[in-house]
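# Overview (structure and organization)
If you want the building blocks of each chain, they are given just below.
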Amino acid sequence: MAEQHYDHQHTEAKWQRAWAEQETFCVTEDPARPKYYCLEMFPYPSGRIHMGHVRNYAIGDVVARYKRMRGFNVLHPMGWDAFGLPAENAAIERGVHPQIWTQENIAYMRAQLKRMGLSYDWSREIATCEPDYYKWNQWLFLEFYKKKLAYKKHSAVNWCPSCETVLANEQVEEGRCWRCDSGVIQKELEQWFFRITQYAEELLKGCDQLTGWPARVLTMQRNWIGKSVGVEVDFPLAEPAPGLPAIRIFTTRQDTIFGATFMSLAPESPLVERLIAGRPEAVAVREFVARVSRQEKAVRTAADREKEGIFTGAYAINPFTQAKIPIWVANFVLYEYGTGAIMAVPAHDQRDFEFATRYGIPVRLVIQKPDGTLAEPLPAAYEDEAGALVNSAQFSGLGVAEAKAKLADYVEAKGFGTRTVNYRLRDWGVSRQRYWGTPIPIIYCQACGTVPVPAADLPVTLPRDVPLTGKGSSPLARAAQFVQVKCPKCGGAGRRETDTMDTFVDSSWYFLRYCSPREGARPLDPAKAGHWMAVDQYIGGIEHAVLHLLYARFFTRAVRDLGLIKVDEPFLSLLTQGMVCKETYRCEEHGWLFQDDLAGSEQDGWRCKQCGRPAEKGRVEKMSKSKKNVVDPERLIATYGADTARLFSLFAAPPEKDLEWSDAGVEGASRFLGRVWRLVHDMTPIIAGFATEAPAASVAASSRASSVTIALRRLTHRTIRKVTEDIEREFQFNTAIAALMEFVNGLYKFTAETREAGKAGEAAALREAVDALVLLLSPFAPHIAEELWAATGHATSLARERWPLYDAALIQEDVLTIPVQVNGKVRSKLSVPAAWSKEQVVAASQSDVKVREWIQGKTVKNIVYVDKRLVNIVVGDA
RNA sequence: GCGAGAGUGGCGGAACUGGCAGACGCGCGAGACUUAGGAUCUCGUGGGAAACCGUGGGGGUUCGAGUCCCUCCUCUCGCACCA
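Predicted, not measured: the structure shown is a model, and the values here were computed from it.

Quick look at the overall build of chain A now. Assigned secondary structure in chain A consists of 27 helices and 37 strands. Counting over 878 residues, chain A shows a buried share of 54%. The contacts of chain A with a sequence gap of at least 6 include a subset with a gap of at least 24, amounting to 71%. Just so you have it, chain A exposes about 39100 Å², and 51% of that area is on carbon and sulfur atoms.

Rendered as structure tokens:
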């Protein structure tokens, strides 16, 4: 028999080879066709792909293949986010050079991705650790430096006192060093920054344009940028210090300024020292400041951290009440935000309230609730903005919103201060004291100072042999050959910057590089980037909702302002796929257990293979090595094939929701493909005589409109519509695949009947159905689809075929089933011609035997008719 | 605490604008073909003996509510001293 068993290994390898040899998915700019840029977040080459990758890239590949079939010229590239810490750890732990380790991983993972049958243009592959790529990181850095978008300043870094090293944020786990578990402290270092805050307002406003992004990602971006509109106000000192007549604060609640009964400074503020100099309080205050800044990050940032502070001995004057108010230092005031000093209004700010209560500072009510029920002493701060001002001189009686405006006017008119906007977004610190990253292209010269490496000297390549110990600061600092350099300006002795760039820099513009990946003179070819950008559909994990996406949006604007591209936003539409999860198992003796470490069964209970104790079934959690609930895609693909792996991960849940792993679900996906395989091969002899071209025409020509033909064609065209709409509507692949399953179930019924009849018209309609099935299946399971396409007599690759279109006329039913309700409960179902009018359907429903039982002896009060859908007869007692 | 999202059969999940709840898959049951089948094909499968009851609980709007409104509960994910 022709069908035999479906051999996925052979078939998948065969088509992967064919696609590669024919360069099926290589693209160039084509003015004749609309472009479509489909992009999935590129992976870190950690060694092997995981199920999250499978899902991410399966989703992206369906989009790319579907859009291609819809006539778009699709750019679908892939590459490697290849710089990063794990490579350095491998070097420290196993003595493998990061470059070797990375290259080997890339080679392995590339082969894995190829085995998934993903329709990438591999000729555009990039790896960020290659000098050809990171050269342009450096080039962009220098352009930013020219525009003062890159600058250097002192800043606090995470420091592990035991390892004596700087830690990246992601190496700090709950305030502790990931390696030795010591408490991480903050240490001041000179670091490079990108001035992302210059674009804060634009990045915020841009969110409104991103209609193709999930609302929650936009919310997270907006919150991260954190715009606050308020005023800065000077509070004069009661006894001005030399050169320090006043302390400037920032507030968004200027309406409460009459309630400011003290001030608080951040412990880090340099003003503290100037205020306490020569006072008896100085010693105690210094001690307090030292204690707070010595505190570990985890302790300092804990949510329930107790508010504490110390009085400086100095007083300020509230410019509105003229009251003399004490100046404190408080642990909860942030030096980095606003002016590092606040006016404290205990009646209307919970933090100030707690502080005031603890230290016996007066609480002054200045906003009264609309119902007037607030009375002193307050049990807690009233922070709500509903209400009116009281105890606020000429401003008393104003509503909060109005008072904010009037007080801001007043502050400006009197010269007390100015309206100000603050963002919680901070400039992006890009210096990393690591080896495996892009060297920052800067030289320090005794005579000339900070000197950028001339563009002609790029790239500054990473020296190959550098001892990596994980101790101390930048590894590059120990590479004398690298550090010692002539100053490009004066030729004198210079010293290279030894920090490397944050790897987020690499991923902030890689999507631009894909447009012209081998461009040698610039980071990108403006004509090509102009053609392809922006990315039409970006797909990746929600974990990048803030940082990566925000940095990429910033880079896009910065590169735009260098004149290289024209777009403002990099990603028009964003799909954040859910996590891949699986149940966990735990043994009280041996901890988390792999599936393979379990004995027993679901019914009889699971046991630990090692000790025989019962294994407790835990909750469904994100697949992770630590929980031992991972599934290796390689095994999955080897056993079931890439098509099954893809189909399962697309069918089990909608893309943006979490997906729960299920062995049975994989079986189901595999079984479905087997069903398709057998069905199509069963039909091949029947449909062989019918042209592969224009099946619809041959159906029409030979059809004598038998009921079988009509029903078959209706099923075919309904399926085309359903699958198309589900893909177009938010990529609902799970329901699209369900529709294909229904199609196949339906076709199985037709084959039995049709083989009996064997009429020409029906065979032609079957040809149409089978062709449609294979085409509709192809984005999801491309290998088996190609094989079936060829088996049914087609000479060309499916990948270049057009997506089928449905004929609306064929979808129409001629007989409808209308449920008839009595008082909202279904009592009967009517089969009526689709052409019937309301009156005809209503009349038929009232004469229906089953309906009559329910309306007999009752008064018909109302009849609701929903066109072509339902009748509801409302009756009451006679 | 604040913000967002979600609670539907034994399980994963369907149900676009209010209109037959449970598509599709898994699991389970029955049958067919078989030396055999954990393969394949067909049929059935929310609960209940039934009237009826069923989309986290309670209330409301409506001829009609999984869907809209109010309220409460639970879970998940973000942000958590940003003045």
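The discussion continues.
With that settled, consider the sheet that holds strand β26 (residues 535-541). If you trace the four strands from one edge of the open sheet to the other, you get β2-β1-β26-β27, paired in parallel fashion. In this open sheet, the two strands that pair with only one neighbour each are β2 (73-75) and β27 (571-577). Neighbour-to-neighbour, the strand axes of the sheet open up by a mean angle of 20°, direction not taken into account. Here strand β1 (residues 35-40) runs beside β26; their pairing, made up of three bridges, is parallel. Its bridge partner being in β26, Cys-38 is matched across the sheet by Gln-537. Sitting on the sheet, helix α2 (residues 51-69) is in contact with β1, β2, β26 and β27, with an inclination near 175° to β1.

Near RNA strand B there are 51 residues, and of these Thr-252, Tyr-337, Arg-351, Lys-829 and Asn-872 occur at the shortest range. Taken together, the sugar and phosphate atoms account for 65% of what RNA strand B places within 4 Å of the protein. Contacts to RNA strand B include Arg-671, whose side-chain N or O atom sits 2.9 Å from a phosphate oxygen. In the model, a base oxygen of RNA strand B is placed 2.5 Å from a nitrogen or oxygen of the Asn-872 side chain. Among the elements of the structure, α7 (215-225), β11 (244-251), α19 (663-687), α22 (733-757), β34 (815-822), β35 (825-833), β36 (858-866) and β37 (870-877) are those that each provide at least two residues to the surface near RNA strand B. Counting residues per element, the surface near RNA strand B draws most heavily on α22, at eight residues. Considered class by class, the residues forming the surface near RNA strand B number 21 nonpolar, ten polar and 20 charged.

Taken as a whole and assessed by the stated rule, the structure comprises 45 salt bridges. The partner of Glu-201 in a salt bridge is Lys-227, and the shortest N-O contact between them spans 3.1 Å. Note that Glu-201 is positioned in helix α6 (residues 200-206) and Lys-227 in strand β10 (residues 227-241), a separation of 26 residues in sequence. Given a relative accessible area of 22%, Glu-201 falls into the partly exposed group. Across the pair Glu-336 and Arg-426 runs a salt bridge whose closest N-O atoms are separated by 3.6 Å.

Among the nonpolar cores identified, the biggest contains 170 residues, and Tyr-37, Phe-141, Phe-194, Tyr-510, Phe-511, Phe-555 and Phe-780 are the most heavily contacted of them. Look past the residues within four positions of Tyr-37 in its chain and what remains in contact with it is Leu-75, Pro-77, Phe-511, Tyr-514, Cys-515, Trp-532, Met-533, Ala-534, Val-535, Asp-536 and Gln-537. One finds Val-231, Val-233, Leu-398 and Ala-408 within the second-largest nonpolar core, a separate group that totals 49 residues.

All right, on to the sheet that holds strand β21 (residues 442-445) then. With antiparallel pairing, the four strands of this open sheet are ordered in space as β22-β21-β24-β23. One side of each edge strand has no neighbouring strand; the edge strands of this open sheet are β22 (449-452) and β23 (484-486). Within this sheet the neighbouring strands show an average axis-to-axis angle of 40°, counted without direction. Note: β23 against strand β24 (residues 493-496), three bridges, orientation antiparallel. Bridge pairing in β24 places Val-485 opposite Gly-494.

Right, let's talk about the confidence of the model for chain A for a bit. Averaged over every residue, the pLDDT of chain A is 89; residues scoring 70 or more account for 94%. Interface scoring of the predicted complex returns ipTM 0.94; its pTM is 0.92.

Bringing the packing of aromatic side chains into the picture now. In the structure shown here, the tally under the stated rule is 49 aromatic pairs. Where Phe-194 meets Trp-428, the ring centres are 5.5 Å apart and the plane angle is 85°; that geometry is what we call edge-to-face. Taken together, the positions of Phe-194 in strand β9 (residues 185-194) and Trp-428 in strand β19 (residues 428-429) put the pair 234 residues apart, joining distant regions of the chain. Taking 5.5 Å as the distance between ring centres and 15° as the angle between the ring planes, the aromatic pair formed by Phe-262 and Phe-355 counts as stacked. Placement of Phe-262 in strand β12 (residues 262-265) and of Phe-355 in helix α11 (residues 350-359) is noted, with a sequence separation of 93 residues between them. Phe-262 gets classed as buried once you look at its relative accessible area, which sits at 0%. Looking at Phe-355, the relative accessible area reads 0%, which means it is buried. Taken together, the aromatic side chains of Phe-141, Phe-144, Tyr-145, Trp-192, Phe-194, Tyr-199, Trp-428, Phe-504, Tyr-551, Phe-554 and Phe-555 make up a single cluster linked through ring pairs. Positioned above the aromatic ring of Tyr-315 is the side chain of Lys-324, whose terminal nitrogen or guanidinium carbon lies 4.7 Å from the ring centre. Geometry around Trp-854 places Arg-827 over its ring, the cationic atom sitting 3.5 Å from the centre.

Scoring rules and cut-offs
- Residues numbered from 1 in each chain as written.
- Chains lettered and ligands numbered in written order.
- Predicted model: local features only at pLDDT ≥ 70, side-chain atom pairs only at ≥ 80, totals over all residues.
- Heavy atoms only, no water.
- Helix = DSSP H or I, 4+ residues; strand = E, 2+ residues; numbered from the N terminus.
- Buried < 20%, exposed > 50% of the residue type's maximum accessible area, 1.4 Å probe, protein only.
- Contact = heavy atoms within 4.5 Å.
- Areas by Shrake-Rupley, 256 points an atom, 1.4 Å probe, with all protein chains shown as cover.
- Pairing = 2+ DSSP bridges.
- Axes fitted to C-alpha atoms, helices over the stretch in contact; angles between N-to-C directions.
- Near = heavy atom within 4 Å.
- Polar contact = N/O pair within 3.5 Å; in protein donor to acceptor, adjacent residues only side chain to side chain.
- Nonpolar A, V, L, I, M, F, W, Y, C, P; charged D, E, K, R; others polar.
- Salt bridge = Lys/Arg side-chain N within 4 Å of Asp/Glu carboxyl O.
- Core = buried A, V, L, I, M, F, W, Y, C linked by side-chain atoms within 4.5 Å.
- pLDDT = per-residue confidence, 0-100.
- Phe/Tyr/Trp six-rings, centres within 6.5 Å; stacked < 30°, edge-to-face > 60°.
- Lys NZ or Arg CZ within 6 Å of the ring centre and 35° of its normal.

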